[in-house]
Amino acid sequence: MEHSEVVVIGAGQAGLSSAYFLRRYGIEPVVLDAGRGAGGAWRHRSPTLTMAKVHGVFDLPGVPQQEGDGDGGRPAAEVVPAYYAAYESTTGLRVVRPVRVTAVREGSRGRLAIETDAGEWAADAVVNATGTWTRPYWPYYPGAARFAGRQLHYAGYRGPAEFAGYRVVVVGGGASAMHVLSELAGVAAATAWVTRRPPVFRDDDFGLEARREAVARVESRVRAGLPPQSVVSVTGLTYSAVVRESMAKGVLNRLPMFDRIAEDGVSWDDGTHLPADTIVWATGFRAALDHLAPLRLREPGGGIRVDGTQVVKEPRLQLVGYGPTASTIGANRAGRTAARNVRALLSARLAA
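Position numbers for residues start from 1 in each chain and track the written sequence from start to end. This being a predicted model, a pLDDT of at least 70 is required before a residue's local features are given, and a value of 80 or more before pairs of side-chain atoms are given or counted; all residues contribute to the totals for chains, interfaces and linings. Computation of side-chain values covers all heavy atoms of the structure but excludes hydrogens and water.

J.: Please explain unusual backbone geometry as it appears in this structure.
T.: Peptide bonds are trans in most cases, and residues, glycine excluded, mostly fall at negative phi. The residue after Arg 97, namely Pro 98, is reached through a cis peptide bond having omega -10°. Mapped onto the elements of the fold, Pro 98 is located in the loop between β3 (95–96) and β4 (101–106). The phi dihedral of Arg 109 falls on the positive side, at around 55°, and the residue is not glycine. Looking at the secondary structure, you find Arg 109 in the loop between β4 and β5 (112–116). Within the chain, Arg 296 stands out as a residue other than glycine whose phi angle is a positive 50°. Going along the chain from the N terminus, every DSSP run of H or I of four or more residues is numbered as a helix, and every run of E of two or more is numbered as a strand. Looking at the secondary structure, you find Arg 296 in the loop between β14 (278–281) and β15 (306–307). Exposed residues in this analysis have more than 50% of their type's maximum accessible area, buried residues have under 20%, and partly exposed residues fall in between, with area computed by a 1.4 Å probe over protein chains only. Arg 296 gets classed as exposed once you look at its relative accessible area, which sits at 70%.

Structure (structure tokens):
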């Protein structure tokens, strides 16, 4: 077993930000990352998702992106991992990979035990930054097992070429669905867009006040121990590059959510049937927190109660990239908050 004052789980934006601020406070963390290289979830995005199509990649603390890093025509899956790799090298953060954390549980001497496929660590505090990419959400609808065509989640989407000539139903009302729709138009034989709720498009630039309001709505849920809402249900859709492209191609003709899946398509209770060869589930992700199950953190409402980034039931644990800190906008601020909380915890333990 290896001992570290603090273990950070995950080397995406929130994890690297947390590790950076911990070092600023004189604490040397070890970062455990499941990826085979730098970049977090960005490594796995579709090669057709270029920098011009993403909402924006925010600078990590202390080391801004170099001029040219945001070249709009380059895949985000290349640009962002390269930036993260340079960041790790420049800052000298200790990132150990590939290491998959399997469980975090109560250890000895008041520490938390972090079990992995590469050994075990003991830590006085843990910052969890595992994100959501490894937990794609597939909603259940009757008849899904009978569908004769192909079903895939957005996590497995790699561009429009493989859908040429197929009739595709895209499910979901967020940025992922917009990305898929913008690329399938003119390639697929037909596309249909289906969502549970009518989409809400924002006419403003989603400025500071709007962001604060959205964060406050999410924060109120996690403070109450409820699972976080989807991002789009709180923020709505802005007129991003992929939204404007989808509108220009005429594919944003939203249909209400179907009631069942048939062998050859999707159907509604009013008798409407839509033939389809493929269903793309752009239905979002859930927080990847199964490894924290031994700590029994779930509240009756199904979520984990968090005050800022600190887990109420377990003050030795910080959750970054969860609830109100799940956006790229808030990741750096969350890292700073988590580092401050860890510093206060360690100082209190030292004083005791």
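Here the narrative resumes, following the displayed structure.
J.: Just checking my understanding: could you explain the pattern of salt bridges for this structure?
T.: As a working rule, side chains carrying opposite charge can pair if their charged atoms are close by. Salt bridges, as used here, are contacts in which a Lys or Arg side-chain nitrogen is within 4 Å of a carboxyl oxygen on Asp or Glu. Taken as a whole, this structure holds 15 salt bridges when the rule is applied. For the salt bridge of Glu 162 with Arg 150, the shortest nitrogen-to-oxygen distance reads 2.5 Å. You can see Glu 162 sitting in the loop between β7 (150–153) and β8 (167–171) and its partner Arg 150 sitting in strand β7, a full 12 residues away along the chain. Residue classification places Glu 162 among the partly exposed positions, given a relative accessible area of 35%. A residue is classified by how much of its surface remains accessible, and Arg 150, at 35% relative accessible area, is partly exposed. Across the pair Asp 277 and Arg 167 runs a salt bridge whose closest N-O atoms are separated by 2.9 Å. Here the residue Asp 277 occupies a position in the loop between β13 (273–275) and β14, and Arg 167 occupies one in strand β8, the gap between them amounting to 110 residues. Several salt bridges share partner residues, and in doing so they unite Asp 33, Glu 88 and Arg 97 into one network.

J.: I would appreciate a short explanation of helix α3 (residues 175–184) in the present structure.
T.: Think of an α-helix as 3.6 residues a turn; residues three or four steps apart then line up on the same face. The buried count for α3 comes to 8 of 10 residues, which makes it a mostly enclosed element. The complete set of buried residues in α3 reads Ala 177, Met 178, His 179, Val 180, Leu 181, Ser 182, Glu 183 and Leu 184. Contacts made by the buried residues of α3 are with β8, β9 (190–195), α6 (241–248) and β14. Taken from the residues just after α3, Gly 186 is the one with a positive phi, measuring 90°. Contacts were defined at the residue level, with two residues in contact if any of their heavy atoms lie within 4.5 Å.

J.: I keep staring at the packing of aromatic side chains and nothing clicks. Help me out?
T.: A pair of aromatic rings is counted whenever rings of Phe, Tyr or Trp (Trp by its six-membered ring) have centres within 6.5 Å, and the orientation is called stacked for planes under 30 degrees apart, edge-to-face for over 60 and tilted otherwise. By the definition in use, this model includes 10 aromatic pairs. Taken together, a centroid distance of 6.1 Å and an interplanar angle of 20° make the contact between Tyr 141 and Trp 281 stacked. Of this pair, Tyr 141 sits in the loop between β6 (119–128) and β7 while Trp 281 sits in strand β14, placing them 140 residues apart in sequence. Given the relative accessible area of 1%, Trp 281 is considered buried. Grouped by ring-pair contacts, the aromatic residues Tyr 141, Phe 258, Trp 268 and Trp 281 constitute a single cluster. The ring of Tyr 25 has Arg 343 sitting right over it, with the charged end atom 4.0 Å from the ring centre. Here, a charge over a ring is recorded when the distance from Lys NZ or Arg CZ to the ring centre is within 6 Å and its angle to the ring normal is within 35 degrees.

J.: What should I look at first to understand helix α1 (residues 13–24) in this one?
T.: With 12 residues, α1 extends 17 Å from end C-alpha to end C-alpha; this agrees with the ideal 16 Å at 1.5 Å per step. Among the 12 residues of α1, 10 are classified as buried, and the element is accordingly described as predominantly covered. Those residues of α1 lying buried are Gln 13, Ala 14, Gly 15, Leu 16, Ser 17, Ser 18, Ala 19, Tyr 20, Phe 21 and Leu 22. Gly 26 sits one or two positions beyond α1 and adopts a positive phi of about 85°. Multiplying 1.5 Å by the helix residue count minus one yields the expected span of that helix.

J.: Please explain a positive patch on the surface as it appears in this structure.
T.: Residues enter a patch when their relative accessible area is above 30% and they make no salt bridge; the linking distance is 9 Å between like charges and 5 Å between nonpolar side chains (Val, Leu, Ile, Met, Phe, Trp, Tyr). Residue exposure ignores everything except the shown protein chains as possible cover, and the areas themselves are Shrake-Rupley values with a 1.4 Å probe. Residues scored as charged are limited to Lys and Arg (positive) and Asp and Glu (negative), so that His and the chain ends carry no count. Each charge is placed at NZ for Lys, CZ for Arg, CG for Asp and CD for Glu. Positive charge collects at one region of the surface, where Arg 135, Arg 196, Arg 197, Arg 286 and Arg 298 lie side by side. Take Arg 196: its relative accessible area is 60%, and that puts it in the exposed class.

J.: I tried to follow the sheet that holds β14 on my own but got confused; where do I start?
T.: Within a beta sheet, neighbouring strands are joined by backbone hydrogen bonds and run either parallel or antiparallel to one another. For two strands to be treated as a pair, DSSP must find no fewer than two bridges joining them. The strand order across the open sheet formed by 5 strands is β7-β14-β8-β9-β10, and the pairing between neighbours is parallel. Taken across any chain shown, the strands that pair with only one partner, and hence form the sheet edges, are β7 and β10 (254–256). Adjacent strand axes in the sheet meet at a mean angle of 25°, parallel and antiparallel pairs treated alike. Only C-alpha atoms enter the line fits that serve as axes; for helices the fit covers just the stretch in contact. Angles between N-to-C directions range over 0 to 180 degrees.

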